[in-house]
Amino acid sequence: MATRYDFYSDTLTKPTEEMRKYMCSAEVGDEQRLEDPTTNRLQDMVAELLNKEAGLFVPSGTMANEVSFLSNCHPGDEIIMDISAHPYHAEGGAPAALGGITTRPVLGDRGIFTGAQVEEAIRPPHRLRQRSRLVSVEQPTNITGGHIWQLDKIEDVVAMARKYNLYAHMDGARIFNASIVTGIPVSKYAGYFDTTWVDFSKGLGAPVGAVVVGSKEFIEEAWRWKQRLGGAMRQSGILAAACIYALEHHVDRLAEDHENAKYLAHRLCEIPKISINPDMVETNIVTFDISQTGKPAALLATEFIERDVRFSIVAKTKLRAVAYLGITQKHIDEALKIVRDHLSH
Ligand SMILES: *Cc1c(COP(=O)(O)O)cnc(C)c1O
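First, a word on what this report is: a plain description of the structure on this page.

A few points about unusual backbone geometry
Backbone geometry follows two general trends: most residues other than glycine have a negative phi, and most peptide bonds adopt the trans configuration. The peptide bond linking Gln139 to Pro140 adopts the cis configuration, its omega dihedral lying at -10°. One non-glycine residue, Leu34, lies in the positive phi region at around 65°. Looking at the element boundaries, Leu34 is found in the loop between helix 1 (17–24) and helix 2 (37–49). If you check the backbone angles, Lys273 has positive phi at about 75° while not being a glycine. As for its position among the elements, Lys273 is in the loop between helix 12 (254–269) and strand 9 (285–289).

Shown next as structure tokens:
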């Protein structure tokens, strides 16, 4: 049964009536034969927005990350990423399982690491070692709390990748959230990287879909992997239409989610036994510490669900709340009344 006050993730965003209507009217064809006009259009739109040569529609963000890795890495290669990164925790071990690729976690500051840390993680070229091949940056971060990489941080890390001839990849699941906050165009962020992608099933509100972008050559290889992984579809224009609708109508409104996340953080801050610094909230993700309750996050999360409020668990003493389309300040007030009441006895 659905939880009434559900802050679990922005993946809970449901397609609006208007989006559904737009999906219904999509012109379609066979995607695998490159004959689906709507999918083709979406790919072109995203490639243009991110200023890359080509784009590829995939069913999920996970597949976007994985086709990027699999296209540019070989068995025995290694990918450097933050210890909090999504592919390190939440993609079923795909780099290892599918590509014979190892992952090298770096302990960044809330998900944001430095060029010096990359240099330290790079293996010296030697037949005893895995070959360091790619650096992956999550912009903005997810489970560390939606933090935005400043351009100088990106430049530092990418310069180091270039120095050692590594590919640079940006997990841009929520790249539009970063861009809406900073005013920096998504193309500027994408410009630093060889490969990147956008998720449409997070705050943008489409039911499924992501578009990965890069050079024409890379997209050719990514197509092979998408096919191999079973990600090639047929009349996917129905789905791509939702993503086009999201690009046209749901990007600017992400600002509302950011405002609501800030509001949520300030209200959480007023609740005894919860620690959070609202100034650290930059996008639509709020993480907060509950160690003062004396309960592990998993137990507390279960107790909250029993009272119809859902958060996700991101660490032993940390919960995460995410704002998305449909979450209002009234909603937040009502939910936090329950949270406050629950923690008061
Ligand atoms: C959600 C997410 C993914 C995976 O996307 P799915 O569409 O859920 O497969 C990858 N990276 C980050 C940072 C994410 O937040």
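From this point, the discussion proceeds with the structure in view.
Some points on the sheet that holds strand 11 (residues 312–315)
Taken in spatial order, the three strands of this open sheet run 9-12-11, and their pairing is antiparallel. Two strands in the sheet have a free side with no partner beyond their single neighbour: strand 9 and strand 11. With direction set aside, neighbouring strand axes in the sheet form an average angle of 35°. Relative to strand 12 (residues 318–322), strand 11 runs antiparallel, the two sharing three bridges.

A few points about the packing of aromatic side chains
Each pair of aromatic rings is reported with the distance of its centres and the angle of its planes. Overall, the coordinates contain five aromatic pairs when judged by the stated rule. Taking the centre distance of 5.0 Å and the plane angle of 90° together, the rings of Phe113 and Trp149 count as edge-to-face. Placement of the pair is Phe113 in the loop between strand 4 (102–106) and helix 6 (115–121) and Trp149 in the loop between strand 5 (131–138) and helix 7 (151–163), with a sequence separation of 36 residues. Pair check on accessibility: Phe113 and Trp149 agree, each one buried. When the centroid spacing of 5.6 Å and the interplanar angle of 85° are considered together, the rings of Phe304 and Phe311 count as edge-to-face. Taking the ring centre of Tyr263 as reference, the NZ or CZ of Arg267 above it sits at 4.8 Å. Above the face of the Tyr8 ring, Arg310 is positioned so that its terminal group lies 4.5 Å from the ring centre.

Comments concerning a nonpolar patch on the surface
Residues Ile83, Tyr88 and Leu107 make up a contiguous nonpolar surface patch of about 290 Å² in total accessible area. Mapped onto the secondary structure, Leu107 falls in the loop between strand 4 and helix 6. When its relative accessible area of 65% is taken as the criterion, Leu107 is described as exposed.

Let's talk about the site of the ligand
By nearness alone, 15 residues border the ligand, and Thr62, Asp171, Arg174, Asp199 and Lys202 come closest of all. In this structure, Asp171 approaches the ligand through a side-chain N or O atom, which is 2.6 Å from a nitrogen atom. Here the ligand has 380 Å² of accessible area as a free molecule, and 88% of this is covered by the chains. Contributions of two or more residues to the shell around the ligand are made by helix 3 (61–72) and strand 7 (195–199).

With respect to the sheet that holds strand 8 (residues 210–214)
The strands that make up a sheet pair up through hydrogen bonds in the backbone, lying either parallel or antiparallel. Reading across from one edge, 2-8-7-6-5-3-4 is the order of the seven strands in this open sheet, with mixed pairing throughout. Looking at strand neighbours, the two that pair on one side only are strand 2 (54–58) and strand 4, the edges of this open sheet. Averaged over all neighbouring strand pairs, the angle between strand axes comes to 25°, with direction disregarded. Pairing between strand 5 and strand 6 (residues 167–171): five bridges, direction parallel.

As for the environment of Ile122
Within the secondary structure layout, Ile122 lies in the loop between helix 6 and strand 5. Owing to a relative accessible area of 11%, Ile122 belongs among the buried residues under this scheme. In the structure, Ile122 is positioned 11 residues away from Arg133 in sequence and 8.7 Å away in space, judged by C-alpha atoms. Among all residues touching Ile122, those that are not within four sequence positions of it are Ile80, Ser132, Tyr164 and Leu166.

Some words on the pairing of strand 5
One face of the sheet, then the other: side chains in a regular strand alternate in exactly this way. Burial analysis of strand 5 places six of its eight residues in the buried class, the great majority of the element. Note: strand 3 (residues 77–82) against strand 5, four bridges, orientation parallel. Residue pairing in the sheet places Ile80 in a bridge with Val135 of strand 5. Crossover handedness for the path strand 5 to helix 7 to strand 6: right-handed.

Cut-offs applied
- Residues numbered from 1 in each chain as written.
- Predicted model: local features only at pLDDT ≥ 70, side-chain atom pairs only at ≥ 80, totals over all residues.
- Heavy atoms only, no water.
- Helix = DSSP H or I, 4+ residues; strand = E, 2+ residues; numbered from the N terminus.
- Pairing = 2+ DSSP bridges.
- Axes fitted to C-alpha atoms, helices over the stretch in contact; angles between N-to-C directions.
- Phe/Tyr/Trp six-rings, centres within 6.5 Å; stacked < 30°, edge-to-face > 60°.
- Buried < 20%, exposed > 50% of the residue type's maximum accessible area, 1.4 Å probe, protein only.
- Lys NZ or Arg CZ within 6 Å of the ring centre and 35° of its normal.
- Patch = residues over 30% accessible without salt bridge, like charges linked within 9 Å, V, L, I, M, F, W, Y side chains within 5 Å.
- Areas by Shrake-Rupley, 256 points an atom, 1.4 Å probe, with all protein chains shown as cover.
- Salt bridge = Lys/Arg side-chain N within 4 Å of Asp/Glu carboxyl O.
- Near = heavy atom within 4 Å.
- Polar contact = N/O pair within 3.5 Å; in protein donor to acceptor, adjacent residues only side chain to side chain.
- Contact = heavy atoms within 4.5 Å.
- Right-handed = clockwise from strand over helix to strand, strands pointing away.

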